[in-house]
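# Observations on chain architecture
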Protein chains: 2
Amino acid sequence: MNDREARVALNRLGEPGDVRMSGLVAELGAERVYTLLRDEREITGIYTDVAQRLRGLDPAADLAQADARGIRFVCPGDEEWPSGLDALSGCEPIYRRGGAPLGLWVRGPLSLREACARAVSVVGSRSATTYGVDVASAIAAHVAGQGFCVVSGAAFGIDQAAHRGAIAAPGPTMAVLACGVDRAYPAAHRPLLDYLADNGLVVSEVPVGCAPTRLRFLSRNRLIAALAQGTVVVEAAVRSGALNTASWTVRLSRVLMGVPGPVTSAPSEGVHELIRSGGATLVTRGEDVLELVAPAGEHLTAPHRGPMRPRDRLSGLDQQVLDAVPLAQAVPAHSIARTAGLGARVVVSTLSRLRGGGFVEHDEAGWRLGPAALDASLTPSPRRPA
Amino acid sequence: MNDREARVALNRLGEPGDVRMSGLVAELGAERVYTLLRDEREITGIYTDVAQRLRGLDPAADLAQADARGIRFVCPGDEEWPSGLDALSGCEPIYRRGGAPLGLWVRGPLSLREACARAVSVVGSRSATTYGVDVASAIAAHVAGQGFCVVSGAAFGIDQAAHRGAIAAPGPTMAVLACGVDRAYPAAHRPLLDYLADNGLVVSEVPVGCAPTRLRFLSRNRLIAALAQGTVVVEAAVRSGALNTASWTVRLSRVLMGVPGPVTSAPSEGVHELIRSGGATLVTRGEDVLELVAPAGEHLTAPHRGPMRPRDRLSGLDQQVLDAVPLAQAVPAHSIARTAGLGARVVVSTLSRLRGGGFVEHDEAGWRLGPAALDASLTPSPRRPA
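So, how was this worked out
- Residues numbered from 1 in each chain as written.
- Chains lettered and ligands numbered in written order.
- Predicted model: local features only at pLDDT ≥ 70, side-chain atom pairs only at ≥ 80, totals over all residues.
- Heavy atoms only, no water.
- Helix = DSSP H or I, 4+ residues; strand = E, 2+ residues; numbered from the N terminus.
- Rg over C-alpha atoms; globule rule 2.2 N^0.38 Å.
- Buried < 20%, exposed > 50% of the residue type's maximum accessible area, 1.4 Å probe, protein only.
- Contact = heavy atoms within 4.5 Å.
- Areas by Shrake-Rupley, 256 points an atom, 1.4 Å probe, with all protein chains shown as cover.
- Lys, Arg positive; Asp, Glu negative; His and termini not counted.
- Charge placed at Lys NZ, Arg CZ, Asp CG, Glu CD.
- Pairing = 2+ DSSP bridges.
- Axes fitted to C-alpha atoms, helices over the stretch in contact; angles between N-to-C directions.
- Salt bridge = Lys/Arg side-chain N within 4 Å of Asp/Glu carboxyl O.
- Arc of directions from axis to C-beta.
- Right-handed = clockwise from strand over helix to strand, strands pointing away.
- pLDDT = per-residue confidence, 0-100.

## Side note on the overall build of chain A
A count of helices and strands for chain A gives 17 helices and 11 strands. The globule rule puts the C-alpha radius of gyration for 386 residues at 21 Å, and the 30 Å found for chain A is more than 25% above it. Referenced to the eigenvectors of the C-alpha coordinate spread, the extents of chain A come out at roughly 105 × 35 × 35 Å. Expressed as a percentage of its 386 residues, the buried residues of chain A come to 59%. Sequence-distant contacts in chain A: of pairs separated by 6 or more residues, those separated by 24 or more amount to 72%. With an accessible surface of roughly 14700 Å², chain A has 50% of that area assigned to carbon and sulfur atoms. Once the 40 positive and 39 negative side-chain charges of chain A are each reduced to a mean point, those two points are 5 Å apart.

## A few points about the sheet that holds strand S1 (residues 71-74) of chain A
Residues and elements named next belong to chain A. Read across the sheet, 9 strands follow the order S1-S2-S6-S5-S4-S3-S7-S8-S9 without closing on themselves; strand pairing throughout is mixed. Edge positions in the sheet fall to S1 and strand S9 (281-282), since each of these pairs with one other strand and no more. Bridge analysis of S1 against strand S2 (residues 104-107) gives 4 bridges, and the strand direction is antiparallel. Bridge pairing links Ile-71 to Arg-107 in S2. With respect to the sheet, helix H10 (residues 214-226) is in contact with S2, strand S3 (119-124), strand S4 (149-152), strand S5 (173-177) and strand S7 (230-234), its orientation differing from that of S5 by roughly 155°.

## Here we look at the pattern of salt bridges
Per the stated rule, a full pass over the model turns up 32 salt bridges over all chains. One salt bridge connects Arg-20 of chain A with Asp-18 of chain A, and the closest N-O pair in it is separated by 3.2 Å. Its relative accessible area of 12% is what places Asp-18 of chain A among the buried residues. The partner of Glu-291 of chain A in a salt bridge is Arg-276 of chain B, and the shortest N-O contact between them spans 2.7 Å.

## Re the environment of Thr-213 of chain A
Looking at the secondary structure, you find Thr-213 of chain A in the loop between strand S6 (201-204) and H10. Thr-213 of chain A sits 35 residues away from Ala-178 of chain A along the chain, and the two C-alpha atoms are 7.3 Å apart. Excluding anything up to four places from it in sequence, Thr-213 of chain A contacts Ala-178 of chain A together with Asp-323, Ala-324, Val-325, Pro-326, Leu-327 and Thr-339 of chain B.

## Overview of unusual backbone geometry
All names here are of chain A. For the bond running from Ala-169 to Pro-170, omega is -10°, close enough to zero to count as cis. Position of Pro-170 among the secondary structure elements: in the loop between helix H8 (158-168) and S5. The phi dihedral of Glu-235 is positive, around 60°, even though this residue is not glycine. Phi is positive for Ser-253, close to 60°, though the residue is something other than glycine. Inspection of the secondary structure assignment puts Ser-253 in the loop between helix H11 (242-251) and strand S8 (255-259). Residue classification places Ser-253 among the exposed residues on the basis of a relative accessible area of 67%.

## Describing helix H5 (residues 59-68) of chain B
Residue and element names in this part refer to chain B. For H5, the set of buried residues is Pro-59, Asp-62, Leu-63 and Ala-66. Taken end-on, H5 shows its buried residues confined to a sector of 95°, consistent with a single buried face. When the buried face of H5 is taken as reference, the exposed residues oriented beyond 90 degrees from it are Gln-65 and Ala-68. Against helix H1 (3-13), strand S1 (72-74) and strand S2 (104-107) lie the buried residues of H5. Note on H5: the residue one or two positions beyond its end, Gly-70, has a positive phi of about 75°.

## Side note on the pairing of strand S11 (residues 366-369) of chain B
Residues and elements named next belong to chain B. In terms of strand pairing, strand S10 (residues 360-363) meets S11 through 4 bridges, oriented antiparallel. Across the sheet, the residue bridging to Asp-363 is Gly-366, located in S11. Counting the residues in the hairpin turn of S10 and S11 gives 2 residues.

## Some details on the pairing of strand S7 (residues 230-234) of chain B
Residues and elements named next belong to chain B. Counted residue by residue, S7 has 5 buried out of 5 residues, so it is predominantly covered. The alternating pattern of S7 places Gly-230, Val-232 and Val-234 and Thr-231 and Val-233 on opposite faces, both of which are buried. With 5 bridges joining them, strand S3 (residues 119-124) and S7 adopt parallel strand pairing. Paired with Val-120 across the bridge in S7 is Gly-230. Summarising the sheet, S7 and strand S8 (residues 255-259) pair through 5 bridges and their orientation is parallel. Paired with Thr-231 across the strands is Leu-256, a residue of S8. At this point the chain moves from S7, through helix H11 (residues 242-251), to the parallel S8, and the crossover so formed is right-handed.

## Section: the sheet that holds S8 of chain B
Residues and elements named next belong to chain B. A sheet is described by the order of its strands in space; here 9 strands give the open sequence S1-S2-S6-S5-S4-S3-S7-S8-S9, paired in mixed fashion. Two strands close off the open sheet at either side, each with one partner strand: S1 and strand S9 (281-282). Pairing between strand S5 (residues 173-177) and strand S6 (residues 201-204): 4 bridges, direction parallel. Each residue of the ladder has a partner; that of Met-174, found in S6, is Leu-201. Sheet contacts for H1: S1 and S2; angle to S1, the most-contacted strand, approximately 100°.

## So, the confidence of the model for chain A
Residue and element names in this part refer to chain A. Of all residues in chain A, 95% attain a pLDDT of 70 or more, and the chain-wide mean is 90. Throughout residues 376-386 the model reports pLDDT below 50, and contacts reaching past four residues in sequence, or to other chains, amount to 43 contacts. Reported confidences for the modelled complex are a pTM of 0.85 and an ipTM of 0.83.

Here it is in structure tokens:
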């Protein structure tokens, strides 16, 4: 039995993400661990747990059957193995789950390694709002359109919106499941998963044919975090599973991002906590995400700027006089000169010039702001150089 | 002419926040600066600017007339002077405006110093959404209800909502104006300002009778930041004046807070930029604000927690077995035992116990999750101890 077959066998023996198993394999190698267990040797309590599963193991047959269904097993040493997964070995477990996977079962035409070289995970609540679904879809479409693979979990709500956004871009996307890659959970997402198997990737640590359990979802979440350079959380209530993925992202020192929403919306509460605590950076659009996850300098965003206003094009002197014209009440020119701290003559000639541009108006009572100045009168730009 | 009268005179001579004037007064004292200017001595270019205003100055009459209208002048050395303003002297100016004010014109029954000892500024766009107005009002009501004075600018939108929230609490609130405290800008807020003059505070650096200008709004913003321990920005478009107040808050090393909103809402864009850049801490409710601005430990918030679920009360063994029950498909007990890594006998007895609580169901096909477990099946709590 070679290393690949031993990994397939151990993958079926243990539960995905069991830290004892991944630790033993890292220490002794997969073939040695398999041989010890096959010989009914107890190691760190694993034998007792897996004894019943040892009977009838046939990894070579597993691989052949999977291959016949277009499913491959990708493990360390393979050209397609994504190096980002190895970082999991250095992380403390959560719920006794952690470590690098022994291998991944994969369907789909993309190279797993290439997809993960530029990848962003987009996760969130199953009970998402239309707001969350729209934003997740728009962010996924933007990053996928720039060639980044959108990684998610194929669940209802935000996950589904993320995959769909990427598909519409069109761009690469990958579903990471808590059941075998041949299964559809939820069943309603069979067409989505079939599409991803034909055009993107469907990935799981759980052997072919296996059903999802709660622990398998927890183990799966660490893979979503580890397969990408960063994770965007879009709507996550306070106890959402997406926060488990967020926690893994931080443990892996990957970039954690959160999309805010109304403070009155329960599905945004968990995200707001992540941002408030400093764990996540606030992002509002795909450009923000790429600026954070792309190689430095590659996707710099232009700062948000309001539209140019007519007054922005005025000279310094013109602005100084205009700033001294009262907002609501006409006053004589000498009063404006005093407020501006300028001589009367220059103020009068400046006011005449500003009147030509519609910035000020003049009548018997004096000078007041004109239509071109009014929209901006109370909202100075904080970005204008002082 | 004493120090107070000299300050009243210089206050009328210079524009509010003119850094040259505040710098000179800090260096030479108000009486000396006034004497120099009165004697037509040029100092740092100020004399030329203010020469026209020197004629007809009568600070004693200004003070008497103000007093007759229930307006007082509060300046350094007075018992009512809020010490937080002094920090402005150490700040770099913006738009050539900065420095501590020479004094403030004040209406209202509260002590300015006491109000500012526990104060939170709440600012934002005039063109606010109903969402922003509701959140600003709720936050103001909470902090005012805890005895913190809500400081704002009496403008339309967020400012108005902040004052109203505080009034409804009921709690203290203060308007800081860009015109004389006897004037109402906007005119529609005359009743609000009258109410504040009777029950709270109306404050301005601009002499009584003077009209607002754009520069006076900029100068006013630094006072809003300096009069409180922290500033909450609720909705601010990218070029909102509230961002100018935010900038002063950071310069003063006070606590800057931002309320997020939908990323699709333009009035929230400026706030999201503040949070994203790390300048502002995200807050969603009054409790968050008090935790940040109150003396350490005085207003600690409980962490956001989801509601308890039935499964939270299960023992460790019960949870371990339950976590191994597939979500969608009935399976025999020995399959669950393998997934859980437990012996068959203990799993069968645990399943029977779980069945009593409605966590699992049993039929000919085997065991599946029951109604008590289903709501929580995919959303593990990230806060449960590992």
